[in-house]
There are 2 protein chains.
Amino acid sequence: MSDNTADEGQVPTPERFTQARAAQSMAVLEDYAEMIDDLAQEMGEARITDIAARMGVTHPTATKAVARLKREGLAVSRPYRGVFLTEEGAALAARVRMRHRVVVDLLVAVGVPQETAEIDAEGLEHHVSDVTLKAFEAFLARR
Amino acid sequence: MSDNTADEGQVPTPERFTQARAAQSMAVLEDYAEMIDDLAQEMGEARITDIAARMGVTHPTATKAVARLKREGLAVSRPYRGVFLTEEGAALAARVRMRHRVVVDLLVAVGVPQETAEIDAEGLEHHVSDVTLKAFEAFLARR
DNA sequence: CTTGATTTATAGCCCTGGCTACATTTCTGT
DNA sequence: ACAGAAATGTAGCCAGGGCTATAAATCAAG
């Protein structure tokens with residue numbers, strides 16, 4: 001415990017929690033966007049059943065999530081047909097995938113086993129800010 | 001389990017998401033437990049108003065969260081009186097605080113600015129598994 | 001001791017993200 | 001072509017975590 005301007009046992013400010021909650025509300029969108037992108041690349045299109053299976057939820061749950069993606073302009077679909085990302089959705093998926101990779105690499109770099117890194121990253125990634133992501137990249141680059 | 005060890009940046013398994021969702025459902029409990037512990041140390045007791053203010057929510061929201069803590073056996077309180085952690089709740093708070101500190105230290109150690117580290121850690125910490133935490137501690141120790 | 005301010009409780013609403021059950025549509029194989 | 005299988009849609013339920021509005025209790029002065 002040395003180098004602390006303000007003490008280490010610092011009391012969190014309300015904003016921190018507010019921010020964490022905001023990040024959380026994006027998490028589902030991010031996960032589904034990435035998954036749809038995965039499936040599109042793998043199978044040509046993302047079907048609700050496959051999305052649901054991969055996300056570990058039932059298909060009505062996946063349908064709801066896709067509905068939200070559509071509402072947010074991140075995906076499009078026609079009844080009984082596959083789901084496709086909009087440009088914006090694809091861009092989000094790309095950012096998410098990149099961030100995920102960096103997070104996993106960082107974890108591995110500091111000694112976390114690969115498999116654990118993959119698992120933890122799934123929850124962690126949504127809370128990694130741009131500043132932190134940049135720091136991770138810099139750390140990975142200079143070692 | 002017996003996953004494929006071959007592919008690295010490959011398709012996430014459903015279990016990862018299931019696990020991330022489970023971690024998320026603990027997050028609120030953890031945050032409130034820690035906050036109640038903070039306030040107990042600071043002011044002798046944790047009042048609903050103070051909890052709410054610190055968490056950045058309205059008091060009915062804090063009341064609900066405390067109700068859940070009580071239901072889970074992590075806290076006790078009598079009407080119109082302060083909230084107190086049970087032994088179990090205090091133990092949780094202690095673990096959470098320790099983990100939070102380690103996460104912040106790790107972030108700072110890899111180059112994340114202190115303030116950013118504090119903010120991101122608030123969301124991150126709930127998804128750091130024991131294995132990863134141990135790895136973080138080892139990394140911090142050997143540098 | 002009474003009154004007004006503060007604190008806590010409660011009711012009721014919204015949205016999200018799970019679920020099951022059931023209806024409908026599409027796909028597939030004979 | 002058509003029947004059965006598979007996929008998708010939809011309805012309705014639950015819990016969680018936000019909120020506002022209102023009621024009740026406690027606290028602090030005067």
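Cut-offs applied
Residues numbered from 1 in each chain as written. Chains lettered and ligands numbered in written order. Predicted model: local features only at pLDDT ≥ 70, side-chain atom pairs only at ≥ 80, totals over all residues. Heavy atoms only, no water. Helix = DSSP H or I, 4+ residues; strand = E, 2+ residues; numbered from the N terminus. Buried < 20%, exposed > 50% of the residue type's maximum accessible area, 1.4 Å probe, protein only. Contact = heavy atoms within 4.5 Å. Areas by Shrake-Rupley, 256 points an atom, 1.4 Å probe, with all protein chains shown as cover. Axes fitted to C-alpha atoms, helices over the stretch in contact; angles between N-to-C directions. Parallel < 35°, antiparallel > 145°, perpendicular 65-115°, else oblique. Nonpolar A, V, L, I, M, F, W, Y, C, P; charged D, E, K, R; others polar. Near = heavy atom within 4 Å. Polar contact = N/O pair within 3.5 Å; in protein donor to acceptor, adjacent residues only side chain to side chain. Expected span 1.5 Å × (residues − 1). Arc of directions from axis to C-beta. UniProt positions renumbered as here; feature names shortened; annotations may be inferred. Least-squares fit on C-alpha atoms with pLDDT ≥ 70 in both. Buried area = accessible area lost by both parts, 1.4 Å probe. Salt bridge = Lys/Arg side-chain N within 4 Å of Asp/Glu carboxyl O.

J.: Quick question: what am I supposed to make of the overall build of chain A here?
T.: Looking only at helices and strands, chain A has 6 helices and 2 strands in total. Projected onto its principal axes, the C-alpha coordinates of chain A cover approximately 60 × 35 × 25 Å. Counting across all 143 residues of chain A, residues that qualify as buried make up 45%. Within chain A, contacts between residues separated by at least 24 positions form 53% of all contacts whose residues are at least 6 apart in sequence. For chain A, the computed accessible surface area is about 7,400 Å², with 56% contributed by carbon and sulfur atoms.

J.: When you look at the packing of helix H1 (residues 14–43) of chain A against helix H4 (residues 87–109) of chain A in this model, what are you seeing that I'm missing?
T.: Residues and elements named next belong to chain A. Relative to each other, H1 and H4 sit at 100°, their axes nearing to 8 Å. In terms of axis orientation, H1 runs roughly perpendicular to H4. Two secondary-structure elements touch here, H1 through Leu-29, Glu-30, Ala-33, Glu-34, Asp-37, Asp-38 and Gln-41 and H4 through Gly-89, Leu-92, Ala-93, Val-96, Arg-97, Arg-99 and His-100. Class assignment for the residues of the contact of H1 with H4 results in 5 nonpolar, 3 polar and 6 charged.

J.: Just checking my understanding: could you explain the protein's contact with DNA strand D for this structure?
T.: The local shell around DNA strand D holds 20 residues, among which A:Arg21, A:Thr49, B:Thr58, B:Lys64 and B:Arg68 are the closest. Take A:Ile48: an N or O atom from its main chain is 3.5 Å from a phosphate oxygen of DNA strand D. Among the secondary structure elements, those contributing two or more residues to the surface near DNA strand D are helix H2 (48–55) and helix H3 (59–71) of chain A together with helix H1 (14–43) and helix H3 (59–71) of chain B. In terms of residue count, H3(B) provides more of the surface near DNA strand D than any other element does, 5 residues in total. Looking at the surface near DNA strand D residue by residue, the class counts come to 9 nonpolar, 5 polar and 6 charged.

J.: Looking at this model, I keep getting lost on the protein's contact with DNA strand C. Mind explaining?
T.: Not every one of the 19 residues close to DNA strand C is listed here, only the nearest: A:Thr58, A:Lys64, A:Arg68, B:Arg21 and B:Thr49. Expressed as a percentage, the sugar and phosphate content of the atoms of DNA strand C within 4 Å of the protein is 68%. A:Arg68 is positioned with one of its side-chain polar atoms (N or O) 2.9 Å from a phosphate oxygen of DNA strand C. Take the surface near DNA strand C: its biggest share by element is 5 residues, from H3(A). Of the residues contributing to the surface near DNA strand C, the split by class is 9 nonpolar, 4 polar and 6 charged.

J.: Quick question: what am I supposed to make of helix H6 (residues 130–141) of chain B here?
T.: Count 3.6 residues to each turn of an α-helix, and residues three or four apart come out pointing the same way. Residue and element names in this part refer to chain B. Between its terminal C-alpha atoms H6 stretches 16 Å, which fits the 16 Å expected from 12 residues at 1.5 Å a residue. Among the residues making up H6, those that are buried are Thr-132, Leu-133, Ala-135, Phe-136 and Phe-139. Buried residues of H6, seen end-on, are gathered within an arc of 160° and therefore sit on one face of the element. Looking at H6, the residues exposed on the side facing more than 90 degrees away from the buried face are Asp-130, Lys-134 and Ala-141.

J.: What should I look at first to understand the UniProt feature "domain: HTH dtxR-type" (unreviewed entry) in chain A in this one?
T.: Within this structure's numbering, the places UniProt gives as "domain: HTH dtxR-type" (unreviewed entry) are residues 26–86 of chain A. End C-alpha to end C-alpha, residues 26–86 of chain A measures 17 Å, and it is 64% helix and 10% strand.

J.: Just to check I follow, could you spell out the relation of the copies chain A and chain B for this structure?
T.: A rotation about some axis, followed by a shift along it, carries one copy of the chain onto the other. With an axial shift of 0.0 Å and an RMSD of 0.1 Å, the rotation relating chain A to chain B amounts to 180°. One copy is carried onto the other by what is essentially a two-fold rotation axis. Taking the C-alpha atom as reference, chain A places A:Leu124 closest to the rotation axis, 2.6 Å from it. Comparing contact sets, 98% of the residues at the interface of chain A also lie at the interface in chain B, consistent with an isologous, same-surface contact.

J.: How should I be thinking about the interface of chain A and chain B in this particular structure?
T.: Between chain A and chain B, the contact holds 48 residues from the first and 48 residues from the second. Roughly 4,000 Å² of surface becomes buried between chain A and chain B when both sides are summed, with 60% attributable to carbon and sulfur atoms. The interface formed by chain A and chain B contains 2 salt bridges. With a closest N to O distance of 3.6 Å, A:Glu118 and B:Arg16 form a salt bridge. The interface formed by chain A and chain B includes 8 residue pairs in polar contact (both at pLDDT 80 or more). Contributions of two or more residues to the side of chain A that touches chain B are made by H1, H2, H4, helix H5 (114–124) and helix H6 (130–141) of chain A. Residues of the side of chain A that touches chain B, tallied by class, amount to 22 nonpolar, 13 polar and 13 charged.

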